[in-house]
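Here is how the chains run, residue by residue.
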Amino acid sequence: MFGKKIEEIIKVKGIKSKDLAIAANVTEGYLTDIKKGRALPREDKLIRIIDALELEEREKEELYFLWEKGMSPQNFVERFEELERENNQLKSLINQKEKINIDSIRNEYENKIKKLEDEKKDLEKYKTLLFLLPREDRVFFVKKILKDIENNLKITGKTRVLGRELIEIKEILKDI
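Per chain, the residues get numbers from 1 upward, laid out in the order the sequence is written. Two thresholds apply to this predicted model, a pLDDT of at least 70 for residue-level local features and 80 or more for giving and counting side-chain atom pairs, whereas whole-chain, interface and lining totals are computed over all residues. By convention in this description, side-chain values take in all heavy atoms of the structure and omit both hydrogens and water.

1. With respect to the nonpolar core
Our working definition: The set of buried Ala, Val, Leu, Ile, Met, Phe, Trp, Tyr and Cys residues whose side-chain atoms join them within 4.5 Å is what this entry labels a nonpolar core. Only protein chains enter the accessibility calculation, which uses a 1.4 Å probe; a residue is then buried when its area is under 20% of its type maximum, exposed when over 50%, and partly exposed in between. Elements are defined by DSSP. Helices are runs of H or I of four residues or more, strands are runs of E of two residues or more, and each kind is numbered from the N terminus. Here, residues are in contact when the closest pair of their heavy atoms is within 4.5 Å.
Phe2, Ile6, Ile34, Ile49, Leu53, Leu55 and Leu63 are the most contacted members of the largest nonpolar core, which has 20 residues in total. Among the elements of the structure, α1 (2-13), α2 (17-24), α3 (28-35), α4 (43-53) and α5 (57-71) are those that each provide at least two residues to this core. Dropping the residues within four chain positions of it, leucine 55 is found in contact with Ile9, Lys13, Ile50, Lys60 and Leu63.

2. Points about the packing of α2 against α4
What counts here: Fitted lines through C-alpha atoms give the axes, limited to the stretch in contact for helices. The angle between two N-to-C directions lies from 0 to 180 degrees. Here the angle decides the label: under 35 degrees means roughly parallel, over 145 means roughly antiparallel, 65 to 115 means roughly perpendicular, and every other value means oblique. Two helices that cross are described as forming a left-handed crossing if the nearer one is turned anticlockwise from the farther one by less than a right angle, and a right-handed crossing if clockwise. Any residue outside Ala, Val, Leu, Ile, Met, Phe, Trp, Tyr, Cys, Pro, Asp, Glu, Lys and Arg is labelled polar, Gly included; the first ten of those are nonpolar and the last four are charged.
Two elements in contact, α2 and α4, have axes separated by 8 Å at closest approach and are oriented at 125°. With respect to each other, α2 and α4 are oriented oblique. Crossing of α2 over α4 shows right-handed handedness. Across from Leu20, Ala23 and Ala24 in α2, the residues of α4 making contact are Arg48, Ile49, Ala52 and Leu53. Its residues assigned to classes, the contact of α2 with α4 comprises six nonpolar, no polar and one charged.

3. Observations concerning helix α7 (residues 135-156)
Operational definition: To estimate how far a helix should extend, the number of its residues minus one is multiplied by 1.5 Å. By construction, the arc corresponds to the directions joining the helix axis to the C-beta atoms.
Taking 1.5 Å per residue, 22 residues should reach 32 Å; α7 reaches 32 Å between its end C-alpha atoms and fits that length. Three or more residues of α7 are buried, namely Arg138, Val142, Leu146 and Leu153. The arc enclosing the buried residues of α7, seen along the axis, measures out at 60°, which places them on a common side. Residues of α7 that are exposed and point more than 90 degrees away from the buried face comprise Glu136, Phe140, Lys143, Lys154 and Ile155. With its phi angle positive at about 75°, glycine 157 sits one or two positions after the end of α7.

4. A short note on unusual backbone geometry
Even without glycine at this site, asparagine 25 takes up a positive phi of about 60°. Judged by its relative accessible area of 59%, asparagine 25 falls in the exposed class. In this model, glutamate 54 sits at a positive phi of 50°, which is unusual for a non-glycine residue. Along the chain, the position of glutamate 54 falls in the loop between α4 and α5. Exposure remark for glutamate 54: the relative accessible area of 65% places this residue in the exposed category.

Here you go:
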């Protein structure tokens, strides 16, 4: 892997192996062994090769990672790759769950908006119907509704919380 990456970088940058070998102070044969995966450089030679390639930080990190992987015992590499796969699977599951949560929240929100819009239409209908009634009947129905609301507030123990709003509603409805 490390050797293939070195070879890929050399091709992309259009560098001749001979020029890289001279710049990194290694032999061309040694560089060929690295590219073919027959050798891994010691850290001091790795640093010279990376410096000679004039890489961006991300590319340097990737090469160093591949070098470390090549220097590690096979069972470490296998365990690392296994953990990396599991990590990617978990990330995928988390992303799916977040998407599902966002979609369900959006659907719930849209349903509540629709319900509120429907209730608003119903209230407009009831208001229109209420004003079609004679004044005496309107007053009777409004008092009945207010009394029901008061009783519900008492039963649920919310009189203190919503009592002020109820008084304000009564004041507004005096004109009906």
